[in-house]
Amino acid sequence: MRPNFFHHLHPPSIPAEQSRFRYTLGAGGLGIFLSLVLLVTGALEMFFYIPSPEQAALSVQTLTYLVPYGGLIRNLHYWAAQALVVVTVVHLLRVIFTGSFVPPRRFNYLLGLGLLALILFLDFTGYALRWDEGVRWALVAGTNLLKTIPSLGKSLYGLVVGGSTLGAATLIRFYSWHVFGLTLAVVILGIWHAFRVRRDGGIAAPPPKQRTNNARISRFELVRREVLAMLLSAAALFVLAALLPAPIAAPIQAASDSLGEARAPWFFLWIQQLLRLGNPFWMGVAIPLIALTTFAALPYLFETLPTDQQGHWFPRAGRGAQAIAAGIVLAWLVLTILESLR
Ligand code: HEM
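Numbering of residues begins from 1 in every chain and follows the order in which that chain's sequence is written. Per-residue local features are limited, in this predicted model, to residues with pLDDT of at least 70; the limit for side-chain atom pairs, both in listing and counting, is 80 or more; totals at the level of whole chains, interfaces and linings are taken over all residues. Water and hydrogen atoms were dropped before computing side-chain values, which therefore reflect all heavy atoms in the structure.

A few points about the overall build of the chain
In step 1: Each helix is a run of DSSP H or I of at least 4 residues and each strand a run of E of at least 2, with the numbering of both proceeding from the N terminus. The number of helices and strands found in the chain is 13 helices and two strands.
In step 2: For 342 residues, the compact-globule estimate of 2.2 N^0.38 gives 20 Å, and the C-alpha radius of gyration of the chain, at 22 Å, lies within 12% of that figure.
In step 3: Its C-alpha atoms put the chain at 65 × 50 × 35 Å along the principal axes.
In step 4: The contact criterion used throughout is that any non-hydrogen atoms of two residues lie within 4.5 Å. Long-range pairs, those at least 24 residues apart, make up 80% of the contacts in the chain with a sequence separation of at least 6.
In step 5: Just so you have it, the chain exposes about 17,900 Å², and 71% of that area is on carbon and sulfur atoms.
In step 6: Within the chain, one finds 26 positive and 14 negative side-chain charges whose respective centroids are separated by 10 Å. The globule rule used for comparison is 2.2 Å times the number of residues to the exponent 0.38, while the radius of gyration itself is calculated over C-alpha atoms. Note that accessible areas follow from Shrake-Rupley with a 1.4 Å probe, and for residues the cover is restricted to the protein chains shown. The charge count includes Lys and Arg as positive and Asp and Glu as negative, but it does not include His or the ends of the chains. Working definition for charges: the position is that of NZ of Lys, CZ of Arg, CG of Asp or CD of Glu.

Quick look at the structure:
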């Protein structure tokens, strides 16, 4: 058989220690599985969703309550999207906490960060597509933040919103970005990311002489574990989708600029909390960008992490990077909890 992309991702054998769940947490593979679920369920939703301000929320109601299995498909899409955010952050932490983010894996780490940013935008645009009262914060506060950017703000707002106020042009732009622009970018970056794992020498592992366990597992064993993990995650996703319906609310009557009691989607609650603390540009735009830039700077700040310290949990030479990443994620969690308690 000619070698193909599958063989590229599954070499004949890989180190047993680095293929264990307790090392990878299965997070990268789960990310691929959730992305596939999102592509399939999203494509099915497109048969019923209507991207117009008058019809959007009603078409979501039709899909949820009238279309056979429509509610299940929508719930699967919703829960897969939420899980992807969590799983990607877990994967990011595992990569940093195992010292796998430095050269030769620096470029792939940066590709991964790009994926994380795209996933957040995908979640944000998908959330706004509901165009119901539940997404008012995302629509109004999210887009108004753009206006606070010095010099560029007004034109950026016009570009994203499609005019000077929220309306039909906004929805069609969000729709196109969601189902086409961002999705295509995630697919391309995702394939590139997976491809690079092998190009960079496979999953990071200490040099053979310094390994405590030199056992390897075969490609078939890897696939067996992947299939098992996929079946378990599919079952968990079905249980979530069957028990906890995706949020739904009354259609937006007028896309005014008033916020009322509106809340951010959970993954942006931290920004809503930050915005209560001071200047909107600093809190809502600059601080999130500084956090992302700090993550991007880690492999440059710690590039001398020795190879014998890569490929196992919490290497000593990576303590600084571990503390910075844990600090940012902890701050994110605390701000999210504070806002959700309000
Ligand atoms: C949708 C998002 C993502 C998917 C589907 C994904 C997928 C994967 C997979 C399947 C692997 C190999 C197995 C594993 O480590 O679990 C991997 C490795 C890797 N990922 Fe990701 N990833 C994503 C996001 C990220 C992010 C946010 C980062 C960091 C900023 C990142 C950085 C890396 C690095 C550096 C490796 C090599 C790890 C090593 O050698 O141990 N990835 N990714």
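Re the packing of aromatic side chains
In step 1: Classification of ring pairs rests on two measures: the distance between centres of Phe, Tyr or Trp rings, Trp counted by its six-membered ring, which must be within 6.5 Å, and the angle between planes, read as stacked under 30 degrees, edge-to-face over 60 and tilted in between. Under the criterion given, the structure shown has 13 aromatic pairs.
In step 2: Taking the centre distance of 6.3 Å and the plane angle of 15° together, the rings of F5 and F195 count as stacked. On the criterion of sequence distance, the pair formed by F5 in helix α1 (residues 5-9) and F195 in helix α9 (residues 168-199) is long-range, its members being 190 residues apart.
In step 3: For each residue, the accessible area found with a 1.4 Å probe, counting protein chains only, is set against the maximum for its type, and the residue is called buried under 20%, exposed over 50%, and partly exposed in between. Taking relative accessible area as the criterion, F5 reaches 37% and is therefore assigned partly exposed.

Some details on the confidence of the model for the chain
In step 1: pLDDT measures the predictor's confidence residue by residue and takes values from 0 up to 100. Of the residues in the chain, 97% have a pLDDT of 70 or more, and the chain-wide mean is 93.
In step 2: When mean pLDDT is compared element by element in the chain, helix α5 (residues 70-97) scores highest at 98, while α1 scores lowest at 84.

Observations concerning the site of the ligand
In step 1: For this purpose, a residue is taken to be near a molecule or strand whenever a single non-hydrogen atom of the residue falls within 4 Å of it. Within the structure, the ligand sits among 23 residues, and H91, R94, R105, H193 and A204 are positioned closest to it.
In step 2: Here a nitrogen atom of the ligand sits 2.8 Å away from a polar atom, N or O, in the side chain of H91.
In step 3: H193 is positioned such that a nitrogen or oxygen atom in its side chain is 2.8 Å from a nitrogen atom of the ligand.
In step 4: Those elements that place two or more of their residues in the shell around the ligand are α3 (27-45), α5, α6 (106-128) and α9.
In step 5: When residues in the shell around the ligand are grouped by element, the largest group, six residues, is from α6.
In step 6: Gly counts as polar in this scheme, as do all residues outside two lists: the nonpolar Ala, Val, Leu, Ile, Met, Phe, Trp, Tyr, Cys and Pro, and the charged Asp, Glu, Lys and Arg. Class assignment for the residues of the shell around the ligand results in eleven nonpolar, ten polar and two charged. Think of a polar contact as two N or O atoms within 3.5 Å of one another; within protein, one of them needs to be a possible hydrogen donor and the other a possible acceptor, and neighboring residues in sequence only count if both atoms come from side chains.

A closer look at the coordination of the iron atom of the ligand
In step 1: For the iron atom of the ligand, every protein donor is listed as H91 (NE2) and H193 (NE2), and the spread of their distances is 2.0 to 2.1 Å.
In step 2: Each of the six donor atoms around the iron atom of the ligand contributes to a set of angles spanning 87 to 179°, which defines the coordination as octahedral. Residue H91 is found in helix α5, and its partner H193 is found in helix α9; the two are separated by 102 residues along the sequence. Atoms are scored as donors when they are N, O or S and lie within 2.8 Å of the metal, with 3.2 Å used for Na, K and Ca; no water is included, so coordination may look incomplete. Key to geometry: four donors with every angle between 85 and 135 degrees are tetrahedral; four donors are square planar and six octahedral where opposite donors lie over 155 degrees apart and all remaining angles lie between 65 and 115; all other sites are irregular.

Quick look at the nonpolar core
In step 1: By nonpolar core is meant a set of buried Ala, Val, Leu, Ile, Met, Phe, Trp, Tyr and Cys residues that side-chain atoms within 4.5 Å join together. In this structure, I96, F101, Y109, L139, F268, F295 and L298 are the most contacted members of the largest nonpolar core, which totals 69 residues.
In step 2: The biggest single contributor to this core is α5, with 13 residues.
In step 3: If we skip the residues at most four places from it in the chain, L139 touches A128, W131, L166, F174 and I252.
In step 4: The next biggest cluster of nonpolar side chains, apart from the first, holds seven residues, and it includes L118, L122, V186 and L189.

Focus: unusual backbone geometry
In step 1: The residue after P103, namely P104, is reached through a cis peptide bond having omega 10°.
In step 2: Locating P104 in the fold gives a position in the loop between α5 and α6.
In step 3: Non-glycine residue F314 carries a positive phi angle of around 50°.
In step 4: Within the secondary structure layout, F314 lies in the loop between α12 (280-301) and α13 (319-340).

Details of the side chain of D200
In step 1: Relative to the helices and strands, D200 resides in the loop between α9 and β2 (216-218).
In step 2: When its relative accessible area of 9% is taken as the criterion, D200 is described as buried.
In step 3: Residues contacting D200, with those up to four places away along its chain left out, are P104, R105 and N108.

Here's the deal with α5
In step 1: To estimate the expected span of a helix, subtract one from its residue number and multiply by 1.5 Å. For α5, built from 28 residues, the straight-helix expectation of 40 Å at 1.5 Å per residue is met to within 8% by its first-to-last C-alpha distance of 40 Å.
In step 2: Within α5, 22 of the 28 residues are buried, leaving the element largely enclosed by the surrounding structure.
In step 3: Looking one or two residues beyond α5, the residue adopting positive phi is G99, at roughly 65°.

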